[in-house]
Structures are given as C-alpha cells and as structure tokens.
Amino acid sequence: MKYKFIFSFIGVSFIMLSCSTDSATPAIDQNKMADILFDVALAEGYVESYQLKDSLAKKDSLLQREMDIVLKIHKVDSKQFTSSYNYYRKNPSKFKELADSANNRAIRNRETIYTRRRINPS
C-alpha cells in the first residue's frame, strides 16, 4: 500500500490528462515534477481512504479537486503539468528517473515518520 499511491497516480493521470499537448522540453524540472507526483499520489490516497468513504461524490471529481490543490500548492498550472508529464512519459529513461525520485522521497518520509515515532519499519 505504501508505494501503491506513487504508481496508481499514473492511471489517474491518464484519465485526467487525456487532452495532451506535445512539448520538446518539459516546463517543469525533474525534481519539482517528482515532488508534484509524490503529492498527487498522497492526494489520491487521501481520496481513496477518506473522502470516498464519507461521500457519495464521484472519485474522478474528488481526484480532480485534489489535483487542482496540489498544482496550486506547487504554483503550476494544469497545462504545464500536462505537457511536462507527457514529455517524461514519452522519454522512458527520464520517466524512470522521475518515478525513482518520487519513490525515494516516499521512502525517506516513511523512515522519518518511523524514526519520530520510534517504530521499527521492518
């Protein structure tokens, strides 16, 4: 479940970003994009874990609302995100680096939380 969120956003992104724009270079650098994707994964987990259980709202509309919040936090508009996401998706080696970066951030955050709570992560 820990890493499910990082990879499940890819499927949601395909749905939410079906109107793609082609770009020669990404509008968002790789580190910032990894941060955004990590937050998108957390937002998706939040929707699936809490909002869908407490609401009759549709999953796509809840996910879109959370996605809008994440983009606003990172000061990125949906067009920039879409073109950058498509750029990385069309360049598998760069996309792998991006996904690895987001995954490493998840691992670091997990270890920090466990250290603060003095829980053994194994």
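In this text, all values refer to a predicted model and were calculated from it rather than measured experimentally.

Conventions used here
Residues numbered from 1 in each chain as written. Predicted model: local features only at pLDDT ≥ 70, side-chain atom pairs only at ≥ 80, totals over all residues. Heavy atoms only, no water. Helix = DSSP H or I, 4+ residues; strand = E, 2+ residues; numbered from the N terminus. Buried < 20%, exposed > 50% of the residue type's maximum accessible area, 1.4 Å probe, protein only. Contact = heavy atoms within 4.5 Å. Areas by Shrake-Rupley, 256 points an atom, 1.4 Å probe, with all protein chains shown as cover. Phe/Tyr/Trp six-rings, centres within 6.5 Å; stacked < 30°, edge-to-face > 60°. pLDDT = per-residue confidence, 0-100. Core = buried A, V, L, I, M, F, W, Y, C linked by side-chain atoms within 4.5 Å. Expected span 1.5 Å × (residues − 1). Polar contact = N/O pair within 3.5 Å; in protein donor to acceptor, adjacent residues only side chain to side chain.

### As for the overall build of the protein chain
- What the protein chain contains, in helices and strands, is 5 helices and 0 strands.
- When the elements of the protein chain are put in sequence order from the N terminus, they spell out α-α-α-α-α.
- When the 122 residues of the protein chain are sorted by exposure, 35% land in the buried category.
- When contacts within the protein chain are restricted to residue pairs at least 6 apart in sequence, those whose partners lie at least 24 apart make up 79%.
- With an accessible surface of roughly 7800 Å², the protein chain has 53% of that area assigned to carbon and sulfur atoms.

### Some thoughts on unusual backbone geometry
- Positioned with a positive phi, Lys75 is a non-glycine residue whose angle comes to about 55°.
- Its place among the elements puts Lys75 in the loop between helix 3 (59-73) and helix 4 (78-90).
- We classify Lys75 as exposed; its relative accessible area is 73%.

### Regarding the packing of aromatic side chains
- This structure, assessed with the given rule, holds 3 aromatic pairs.
- Their ring planes at 25° and their centres at 6.0 Å tell us that Phe81 and Tyr85 sit as a pair that is stacked. Taken together, the residues Phe81 and Tyr85, both in helix 4 and 4 residues apart, mark about one turn of the helix. Residue Phe81 shares its accessibility class with Tyr85, and that shared class is buried.
- Clustering of aromatic rings is evident, with ring pairs tying together Phe81, Tyr85 and Phe95.

### A look at the confidence of the model for the protein chain
- Chain-level statistics for the protein chain give a pLDDT mean of 77 and a share of 66% at 70 or above.
- Per-element confidence in the protein chain is highest for helix 4, whose mean pLDDT is 92, and lowest for helix 1 (residues 4-16), whose mean pLDDT is 55.
- In the model, residues 19-23 has pLDDT below 50 throughout and makes 9 contacts with residues more than four positions away in sequence or in other chains.

### Overview of the nonpolar core
- In this structure, Met33, Ile36, Phe81 and Leu98 are the most contacted members of the largest nonpolar core, which totals 17 residues.
- Elements with a contribution of two residues or more to this core: helix 2 (30-51), helix 3, helix 4 and helix 5 (92-117).
- Here the element with the most residues in this core is helix 2; it accounts for 6 residues.
- Other than its neighbours up to four places away in sequence, Met33 contacts Ile28, Phe81, Ser84, Tyr85, Tyr88 and Leu98.

### Some remarks on helix 4
- In a regular helix each residue adds 1.5 Å, so 13 residues correspond to 18 Å; helix 4 covers 18 Å between its end C-alpha atoms and thus fits that length.
- By the N-cap criterion, in which a side-chain oxygen at the helix start approaches the backbone nitrogen of a residue two or three places on, helix 4 is capped by Asp77, the distance to Lys79 being 3.1 Å.

### Focus: helix 3
- For helix 3, spanning 15 residues, the distance from its first C-alpha to its last is 21 Å, which sits close to the expected 21 Å at 1.5 Å a residue.
- Along helix 3, the positions that sit buried rather than exposed are Leu62, Leu63, Glu66, Met67, Val70 and Leu71.
- A positive phi of about 55° marks Lys75, the residue just after helix 3.

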